[in-house]
Amino acid sequence: MTKKISLTNKILIAMGLGLVIGSLINIFAQEQAIIQDYFVAGIFYVIGTAFINALKMLVVPLVTFSLICGVCGIGDVGVLGRIGVKSFLLYIMTTGIAITLALVVAITIAPGKDFTRQQQTTEFVAKPSPPLTDVFINIIPSNPIEAFAEGNMLQIIFFVILFAIAMLMTGDIGRQLADTAEKLNEVMMQVVTLVMDFAPIGVFCLMAKTFSEQGFALIVPMIGYFSVVILCLLLHAIGTFSLLVSVFAKLNPLTFFKKMRPAHIFAFSTASSNATIPITLQALEKRIGVNNTTAAFTVPFGATINMDGTAIMQGVATVFIANVYQIDLGVTQYITIVGMSILASIGTAGVPGVGLIMLAMVFNQVGLPVEGIGLILGVDRLLDMMRTVVNITGDATVTCIVARGEGTLDDAIFNNPEAGTIPELHLPHKTA
Ligand code: ASP
């Protein structure tokens, strides 16, 4: 008797295979032109990038329809405001915990004390980071079409919420539109399912490409920094999130993590919280049981403003570089780092590598040499993948807490192990 492998497990296997094959290519086939040209820069690159594009393609329409449904489902501007304020405060609080934890652990372990700077290989030229005043002004789109075209999440959220509130105010017309939005949302969810069916091959190619380029050799000189970041990510995920999920959302953290698994896999392979939004939404709504009225708002909002994993990397990186350059940081500078990391997390979208750009801003503020970022550049992609998993888990944790407070969490769905298992594609076909 053959046991059917679930799609999630297939994706997981593809991920492992990609990791192994990519690493093998990195070790044995760096110089093999055929493998590099046809596989790494060919098949892996093309399919992997096409898959990320397909995921990104889902984000804007899904967030739009889902948010319209969410706002219309809530039906009360006061409640909407409450969800907004609660999630915003919780996002800031969890990021604050994350960066504080990272600083405490990094100061205690002191990575980088014995580091010799000759090991520096990569040059880092800081891209300008957006001024923070602009971050707030730019929440209001001067041209919503442009916001949609660029996928500017905060602007889209702002416009869609305003639009949906207006729908609520226009009575019957608004209600008809809401019905349509609900149907469109349903269809979009189905599009997500369609794209997910290609996930095993997409994830395989993404992993194989990344690991054939990265390899583990890069980590060796950076092992101190690398392992402190991982330790802090684990502490925050297993410690802080488990505690918050069980105390405030009254959910079993183990089940919570298990149900988040598909989203974790996507976050890890894409290193982008934004591209993972469709999967995070599905996991929260269909597997964990959070109602669309909460998740539709908190998930895209969190993917944009909440980055606990990124804040952790920034905390450890600051201490590491300060140690390498033998610069003493004082209490005021540490407090500045906490504040800057929270602001940086709010001000940047969840896309790969953005954490480093924001790190430059933190360094400038506390007077650390920005070129020091060149030291950690080589291992950043791997850490990016891991911190993105923590970033989206933070979004999900806050979503569950808010949903529990609002009474929009369905425990029956949460406790059903079969709920929301990713459906496989069955295209409608004519029978003979
Ligand atoms: N890749 C991260 C995310 O999308 C952001 C970062 O840390 O660079 O959440």
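Placed above this text is the structure.
It should be emphasised that the depicted structure is a prediction, and the values quoted were computed from it without experimental measurement.

Q: Would you mind going over the side chain of Thr 399 in detail, with residue names and values included?
A: Considering the arrangement of structural elements, one finds Thr 399 in helix α18 (residues 380–406). Overall, the relative accessible area of 0% leaves Thr 399 in the buried class.

Q: Let's hear about the environment of Ala 275: which residues, and what values?
A: Position of Ala 275 among the secondary structure elements: in helix α12 (residues 273–288). Separated by 72 residues in the primary sequence, Ala 275 and Gly 347 have C-alpha atoms spaced 17 Å apart. When sequence neighbours within four positions are dropped, the list of residues in contact with Ala 275 reads Leu 55, Lys 56 and Val 59.

Q: Before we move on, can you summarise helix α11 (residues 261–270) with the specific residues and values?
A: Among the 10 residues of α11, 9 are classified as buried, and the element is accordingly described as predominantly covered. Where α11 ends, the next residue or the one after it, Ala 271, has phi of about 55 degrees, a positive value.

Q: Describe the state of the cysteines, with residues and values.
A: The full count for this structure, using the stated rule, is 0 disulfides. Not part of a disulfide, Cys 72 finds its nearest cysteine sulfur in Cys 69, a span of 7.2 Å.

Q: How would you sum up unusual backbone geometry? Please name residues and give values.
A: Located in the positive-phi region is Lys 250, a residue other than glycine, with phi close to 50 degrees. Owing to a relative accessible area of 58%, Lys 250 belongs among the exposed residues under this scheme. Not every positive phi belongs to a glycine, and Ala 271 is a case in point at roughly 55 degrees. Secondary-structure assignment places Ala 271 in the loop between α11 and α12.

Q: For the packing of aromatic side chains, give the residues involved together with the corresponding values.
A: In total, this model carries 10 aromatic pairs according to the counting rule given. Note on Phe 39 and Phe 44: the rings are 6.0 Å apart at their centroids and 55 degrees apart in plane angle, and the pair reads as tilted. Classification of Phe 39 as partly exposed rests on a relative accessible area of 36%. Ring centres of Phe 256 and Phe 257 lie 5.5 Å apart, and the angle between their planes is 65 degrees; on these two criteria the pair is classed as edge-to-face. One aromatic cluster in this structure is built from Phe 88, Tyr 91, Phe 297 and Phe 301.

Q: I'd love a proper account of a nonpolar patch on the surface, names of residues and values included.
A: Residues Ile 34, Tyr 38, Phe 39, Ile 43, Tyr 45, Val 46, Ile 47, Phe 198 and Ile 201 make up a contiguous nonpolar surface patch of roughly 900 Å² in combined accessible area. Looking at the nonpolar patch, the element that brings in the most residues is helix α2 (residues 33–74), giving 7 residues. Structurally, the position occupied by Ile 201 is in helix α8 (residues 199–214). What makes Ile 201 partly exposed here is its relative accessible area of 44%.

Q: Which residues make up the nonpolar core, and what are the values?
A: Grouped together as the largest cluster of nonpolar side chains are 133 residues, with contacts concentrated most on Tyr 225, Ile 288, Val 316, Phe 320, Ile 376 and Cys 400. Among the elements that make up this core, the one with the highest residue count is α2 (15 residues). Beyond its immediate chain neighbours, meaning those up to four positions away, Ile 288 contacts Leu 251, Phe 256, Lys 259, Met 260, Ala 283, Cys 400, Leu 409, Asp 410, Ile 413 and Phe 414. Counting residues in hydrophobic clusters, the runner-up holds 8 residues, among them Ala 14, Ala 29, Phe 204 and Ala 208.

Quick notes on the rules
Residues numbered from 1 in each chain as written. Predicted model: local features only at pLDDT ≥ 70, side-chain atom pairs only at ≥ 80, totals over all residues. Heavy atoms only, no water. Helix = DSSP H or I, 4+ residues; strand = E, 2+ residues; numbered from the N terminus. Buried < 20%, exposed > 50% of the residue type's maximum accessible area, 1.4 Å probe, protein only. Contact = heavy atoms within 4.5 Å. Disulfide = S-S within 2.5 Å. Phe/Tyr/Trp six-rings, centres within 6.5 Å; stacked < 30°, edge-to-face > 60°. Patch = residues over 30% accessible without salt bridge, like charges linked within 9 Å, V, L, I, M, F, W, Y side chains within 5 Å. Areas by Shrake-Rupley, 256 points an atom, 1.4 Å probe, with all protein chains shown as cover. Salt bridge = Lys/Arg side-chain N within 4 Å of Asp/Glu carboxyl O. Core = buried A, V, L, I, M, F, W, Y, C linked by side-chain atoms within 4.5 Å.

That is the geometry; function is a separate question.
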